[in-house]
Amino acid sequence: MESDKLSTLLKDMSLEEKIGQMLQVSGVFYTEDGVLTGPANTVGYTEEEIRLAGSVLGAVGTEQLRQIQTRYMERQPHHIPLIFMADVINGFRTVFPIPLAQGCTFDPELVEEGAAAAARESAAAGLHLTFSPMADLVRDARWGRVMESTGEDAWLNGRLAKAMVEGYQGRGGLRKKGRIAACVKHFAGYGAPTAGRDYNSVELSERTLRDDYLPAYREAVGAGAAMVMTSFNTLDRVPSSANRRLMRDILRGEMGFDGVVISDWAAIEELCSHGVAQDKEQAARLALDAGVDIDMMTNCYCRHLKKQVESGAVSEALIDEAVLRILRLKNELGLFENPYKDADAAEEQALALCSAHRQTARRMAAESFVLLKNDGILPLAAECRLAVIGPHAANPEIYGAWSMHAAPAETVTMEAGIKNRGCGQVCFAQGCALQEALGDQDGQGESTEAAERLLQEAVELAKKADKVVLALGEHRLHSGEAASRADITLPACQMELLRRVCAVNKNVVAVIFSGRPLDIQEISERAAAVLAVWMPGTEGGNAIADVLFGDVNPSGRLSMSFPYSVGQVPVFYGQFRTGRPCTEGTQEKYVSRYLDIPNRPLYPFGYGLSYTTFAIGPVQADAQRMRKSDRLRVSVTVKNTGSVGGSEVVQMYLADVSASVARPVRELRGFQKIYLEPGEEREVSFEITEELLRFHDIHMNYVSEPGEFRVYVGNSSETKNEAVFWLEE
Ligand code: NOJ
């Protein structure tokens, strides 16, 4: 439809019909034939309200979506199509590693390729929009949703959020086949809940919000994300869904976002629980005023806006503005011409888990694994006698909390991956359950005997093996939404298995599955090698075999620090110096440190080992001084000094030595992933522009300040390889 016709259409719509467009309901309200059902309606919508709702979330599948759309359009007064949205977070039928793991690839192209594959599969299944990327910065491993972010760094998150948006949406318009719209979330600051507890309030200074938390959303918006979702939390004590300054001034005004804003699930009604709205009527008014266009799953808008417009309490112009944005999105997707878009049963089947998508998933998984420790026992030799032990060894549920469309039967387990690799003698044992059985924590009863038998069996296998691969970790639902944890160690039964196995075999490789950085201090002391594999997805098992046997040389680098202990969190590399900086290992008293643990995390952001070694030469800057209009080039030579080919992630960090406000000890401002054959050497260079040196100064202006800077180039956030330069007036 030509866009000027949308305004004509809008003028022709009744108030009720318009408000209908602003409601999103769950797909569970429809039967497979697209007919409305009653019992699932826990919100208490009237049938008419659901009938007019302009979008549906969570329903997938060509057949059902075609039916729902057809029936809806028949009775929609202007035959306006529905828009179908869902959470396609790390893949659809083919499941890619969780976003936190994707962060560890430091590979925006690969991340884009994964998003594009997810878009193709879900578009063919009838979807029009995904609630991804989650661009929330995360620094507290207790929060379960760190799995859904690409990590603790604003720069990396920005690059990857952009890559995801471009992967879903493409660059040629949303109508293009196989493309779906992207919704960046959760605006804003959802990744910093106090004490790591999900949905908790967020306290961020304006400067921290702007310097650290907003940039990744801005990148996603700049890449053209069609939609933005509000966050559940308060920010400066105002819930996002009622936060006019955030949504209108910052998002629309400063960032120039002109797409649709949707609330998170029930977040408008929750304005009452937050205590900023007396009732749903006021909640609806506040959210509309803040610029929230779609109400996800409450009846605040559909039940409480009409009468407020009629009484003059709410301006109809606000409703028109919201509806026009929604119609525009439908039009950009081409739904007025083709309401089914790419829904196609044959294609849906052909694309789901097709070999091309599986290959991308396998490559991405292998690239996301981070080798945290290796005393030389990896890679494994094909001919060794291997015991594969642990509750994750044969577990197919290794795809993360959001993969509702993944069937376990389609997932390659670690056991299957190792068998597929076809190596010498391998035997398997579960060793223990993922969790202690409920009610048996005090070690009583029958299940204790069963647990002991499992342990014994594992110990016997470990005794006879040359090497043991021990698959430990979290249950997939122990991270994700509403899955915060105060204790981020592994369950006692798994630790017992580790101790018993390590007591009889010194060659233990711990493979850790998780949705977050865990406290793995004891594991890393006991095991000879530790490989973090996150929730690796459909091809996880094959990818693990690829890396364990050295077919793929690990190149993942941590996107989030592994704490030394939970008492350190939030722990992240971009901290501040404080007035009393601490030199690691000092016994000095009045400095900023813990008495009982180090300040540094166990494994920092950017860290990860390889089967080869890289020598990174000193940082060479082409000048020591730069003017604001200059581009300063810094370079290093990187040489593969080992005996196998491998990829290195060369990272550039900048530090502002003295400024009008305290600045982080360093900030990532560039990275390049390069592959080098043994003995090969390459120069890697970065360009520093004045823009990279900006921050919010004492007056809250976004500027750079002349003076001394340090540039670090290396392969972790702790690199000491540095050069100094000066920015002139
Ligand atoms: C709640 C989650 O916070 C959000 O990320 C998700 O997209 C919606 N539910 C819809 O499922």
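It should be noted that the structure appears before, not after, this text.
Position numbers for residues start from 1 in each chain and track the written sequence from start to end. Only residues with pLDDT of at least 70 are given local features in this predicted model, and only at 80 or more are side-chain atom pairs given and counted; all residues enter the totals for whole chains, interfaces and linings. Think of the side-chain values as coming from all heavy atoms in the structure, minus any hydrogens and water.

Peer 1: Before we go on, may I ask you to explain the layout of surface pockets in this structure?
Peer 2: Think of a ball as big as a water molecule: rolled over the atoms, this probe shows where empty space is left. Roughly 1,100 Å³ of volume is contained in the largest pocket. In terms of lining, the largest pocket is formed by 32 residues, of which the most central are Y573, F576, C582, E584 and V665. Note on conventions: DSSP H or I runs of at least 4 residues are helices, E runs of at least 2 residues are strands, and numbering of each starts at the N terminus. Looking at the lining of the largest pocket, the elements that each hand over two or more residues are β21 (646-656) and β26 (707-714). In this classification, Asp, Glu, Lys and Arg are treated as charged, Ala, Val, Leu, Ile, Met, Phe, Trp, Tyr, Cys and Pro as nonpolar, and every other residue, Gly included, as polar. Class assignment for the residues of the lining of the largest pocket results in 14 nonpolar, 8 polar and 10 charged. Cavities and pockets are found on a 1 Å grid laid over the protein atoms alone: a cavity is a set of points where a 1.4 Å probe fits but cannot escape, a pocket is an open set with protein on both sides within 12 Å along at least five of seven lines, and a lining residue has an atom within 4 Å of such a point. Grid points are joined across faces, edges and corners, and a volume is the space filled by probe spheres set on the points.

Peer 1: Would you take a moment to explain unusual backbone geometry for this structure?
Peer 2: In terms of backbone geometry, most residues other than glycine have negative phi values and most peptide bonds are trans. In this structure, H186 follows K185 across a cis peptide bond, with omega equal to -10°. Within the secondary structure, H186 sits in strand β5 (residues 181-187). For the bond running from L378 to P379, omega is -5°, close enough to zero to count as cis. Looking at the element boundaries, P379 is found in the loop between β11 (370-374) and β12 (386-389). The phi dihedral of H79 is positive, around 55°, even though this residue is not glycine.

Peer 1: Help me understand the site of the ligand in this model?
Peer 2: If even one non-hydrogen atom of a residue comes within 4 Å of a molecule or strand, that residue is called near it. Every residue close to the ligand is listed here: L57, D87, F131, R145, K185, H186, M229, F232, D264, W265, M296 and E481. Nitrogen and oxygen atoms within 3.5 Å of one another constitute a polar contact, given that in protein one can donate a hydrogen and the other can accept it, and given that sequence-neighbouring residues count only through two side-chain atoms. In this structure, D87 approaches the ligand through a side-chain N or O atom, which is 2.4 Å from an oxygen atom. In the model, an oxygen atom of the ligand is placed 2.6 Å from a nitrogen or oxygen of the R145 side chain. Each accessible area value is a Shrake-Rupley result obtained with a 1.4 Å probe; residue values ignore everything except the protein chains displayed when judging cover. Notes on the ligand: free accessible area 290 Å², of which the protein chains cover 94%.

Peer 1: Got a minute to help me understand the sheet that holds strand β9 (residues 260-262) in this structure?
Peer 2: What links the strands of a sheet is backbone hydrogen bonding, and the strands pair in either a parallel or an antiparallel sense. Pairing is parallel in the open sheet, where 8 strands are placed in the order β9-β6-β5-β4-β3-β2-β1-β10. Either end of the sheet is taken by a strand with one partner, and the two such strands are β9 and β10 (295-296). When strand β2 (residues 55-57) meets strand β3 (residues 83-86), the two strands line up parallel, connected through 3 bridges. In the strand pairing of β3, L57 is matched with M85. The sheet strands contacting helix α8 (residues 206-222) are β5 and β6 (227-230), and the helix crosses β5 at an angle near 160°. Two strands pair under a simple rule: DSSP has to find at least two bridges between them. Contacts are residue-level and defined by heavy atoms, with any inter-residue pair within 4.5 Å sufficient. Fitted lines through C-alpha atoms give the axes, limited to the stretch in contact for helices. The angle between two N-to-C directions lies from 0 to 180 degrees.

Peer 1: Explain the sheet that holds strand β15 (residues 508-513) to me, please; I cannot follow it from the model alone.
Peer 2: Spatially, the 6 strands line up as an open sheet ordered β11-β16-β15-β14-β12-β13, and their pairing is mixed. Where the open sheet ends on each side, the last strands, each with one partner, are β11 and β13 (426-429). Each strand of the sheet is rotated relative to its neighbour by a mean of 15°, with strand direction disregarded. Here helix α21 (residues 540-548) sits on the sheet and contacts β14 (467-473), β15 and β16 (529-532); the angle it forms with β15, its principal contact strand, is near 145°.

Peer 1: What exactly am I supposed to notice about helix α19 (residues 492-504) here?
Peer 2: One turn of an α-helix holds 3.6 residues; hence residues three or four places apart share an orientation. By this rule the span expected of a helix is its residue count minus one, scaled by 1.5 Å. Taking 1.5 Å of rise per residue, the 13 residues of α19 would be expected to cover 18 Å, and the 19 Å separating its terminal C-alpha atoms lies within 8% of that figure. Of the residues making up α19, those classed as buried are C493, Q494, M495, L497, L498, V501 and C502. Only protein chains enter the calculation, and the probe is 1.4 Å; a residue is then buried if its accessible area is under 20% of its type maximum, exposed if over 50%, and partly exposed in between.

Peer 1: It is not clear to me how the pattern of salt bridges should be interpreted in this structure. Could you clarify?
Peer 2: Close approach of charged atoms allows side chains with opposite charge to pair. Take a side-chain nitrogen of Lys or Arg and a carboxyl oxygen of Asp or Glu: if they are within 4 Å of each other, that pair is a salt bridge. Counted under the stated rule, the structure contains 61 salt bridges. Put simply, E2 and K5 hold a salt bridge, and the shortest N to O gap is 3.7 Å. On the basis of relative accessibility, which here comes to 43%, the residue K5 falls in the partly exposed class. Here R145 ties to E481 by a salt bridge, and the two come within 3.8 Å at their closest N and O atoms. Residue R145 is located in the loop between β4 (129-130) and α7 (154-169), and its partner E481 is located in the loop between β14 and α19; the two are separated by 336 residues in the primary sequence. Overlapping salt bridges bring together E452, E496, R499, R500, E522 and R526 as one network.

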